[in-house]
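One-letter residues, chain by chain:
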Amino acid sequence: QKEVEQDPGPLSVPEGAIVSLNCTYSNSAFQYFMWYRQYSRKGPELLMYTYSSGNKEDGRFTAQVDKSSKYISLFIRDSQPSDSATYLCAMTDRDDKIIFGKGTRLHILP
Amino acid sequence: KAGVTQTPRYLIKTRGQQVTLSCSPISGHRSVSWYQQTPGQGLQFLFEYFSETQRNKGNFPGRFSGRQFSNSRSEMNVSTLELGDSALYLCASSLGHATNEKLFFGSGTQLSVL
């Protein structure tokens, strides 16, 4: 079993819809949880960063962590065509290494 | 402020050769970490350098090595290239240790091994 599982998509949704992206993980020692966005031919950029269970909101983005279920989510409200990208979840392990999910390709249809 | 700069942008090599990739971090950043990204395995951590010392290392063979200079610029070297080394190599810089700070990624070096 992979340490971090993420559905590769592609996920296509109409503009204005709420997007839900998810990752599951197997290692209960993971401490910090992050979401990155990666546009084609670019490096990833950090969107959200959290270390505790619960919700964290930043503009149209909400990150949710459920440590008991080993499940994290990213919600995007009022999705825009410019949100079309690959979204990577990431988490740090006990050895301070960052483990990334393989990414979900998201297409927002105008 | 200039972002993270990686050179070259594209590289084509043949099996058995070696390659050196370069990364210039954001001014003032002391940590540089390297990642390999492939469609099959996704983004995988290679190693992190902080103040010229390797702080952490991923599960890659010894053919992959790196170093960091006193100005925080970093190089990554891959010796005896294999076809499976074809990938996008990304570096990221941060003020402090990579796991405690926001990472800023470069656009990567696309390496093709023929």
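Relevant structure appears above.
The paragraphs below set out a description of the structure included in this document. Worth saying up front: this structure is predicted, and the values here are computed from it rather than measured.

Attention shifts here to the sheet that holds strand β8 (residues 71-76) of chain A. All names here are of chain A. With respect to topology, five strands assemble into an open sheet ordered β1-β3-β8-β7-β6, the strand pairing being antiparallel. On the outer flanks of this sheet lie β1 (4-6) and β6 (54-58), each paired with one strand and no other. Recorded for the sheet is a direction-independent mean angle of 20° between the axes of neighbouring strands. Summarising the sheet, β1 and strand β3 (residues 19-25) pair through three bridges and their orientation is antiparallel. Bridge pairing in β3 places Gln6 opposite Cys23.

We now examine the pattern of salt bridges. Within this structure, the stated rule accounts for eight salt bridges over all chains. Arg60(A) is the salt-bridge partner of Asp83(A), the closest N and O atoms lying 2.9 Å from each other. In this pair, Asp83(A) sits in the loop between β8 and β9 (85-92) while Arg60(A) sits in the loop between β6 and β7 (61-66), placing the two residues 23 residues apart along the sequence. Arg73(B) is the salt-bridge partner of Glu75(B), the closest N and O atoms lying 3.4 Å from each other. For Glu75(B), a relative accessible area of 17% translates into the label buried. One connected set of salt bridges, linked through shared partners, spans Arg63(B), Glu82(B) and Asp85(B).

The rules behind each value
Residues numbered from 1 in each chain as written. Chains lettered and ligands numbered in written order. Predicted model: local features only at pLDDT ≥ 70, side-chain atom pairs only at ≥ 80, totals over all residues. Heavy atoms only, no water. Pairing = 2+ DSSP bridges. Helix = DSSP H or I, 4+ residues; strand = E, 2+ residues; numbered from the N terminus. Axes fitted to C-alpha atoms, helices over the stretch in contact; angles between N-to-C directions. Salt bridge = Lys/Arg side-chain N within 4 Å of Asp/Glu carboxyl O. Buried < 20%, exposed > 50% of the residue type's maximum accessible area, 1.4 Å probe, protein only.

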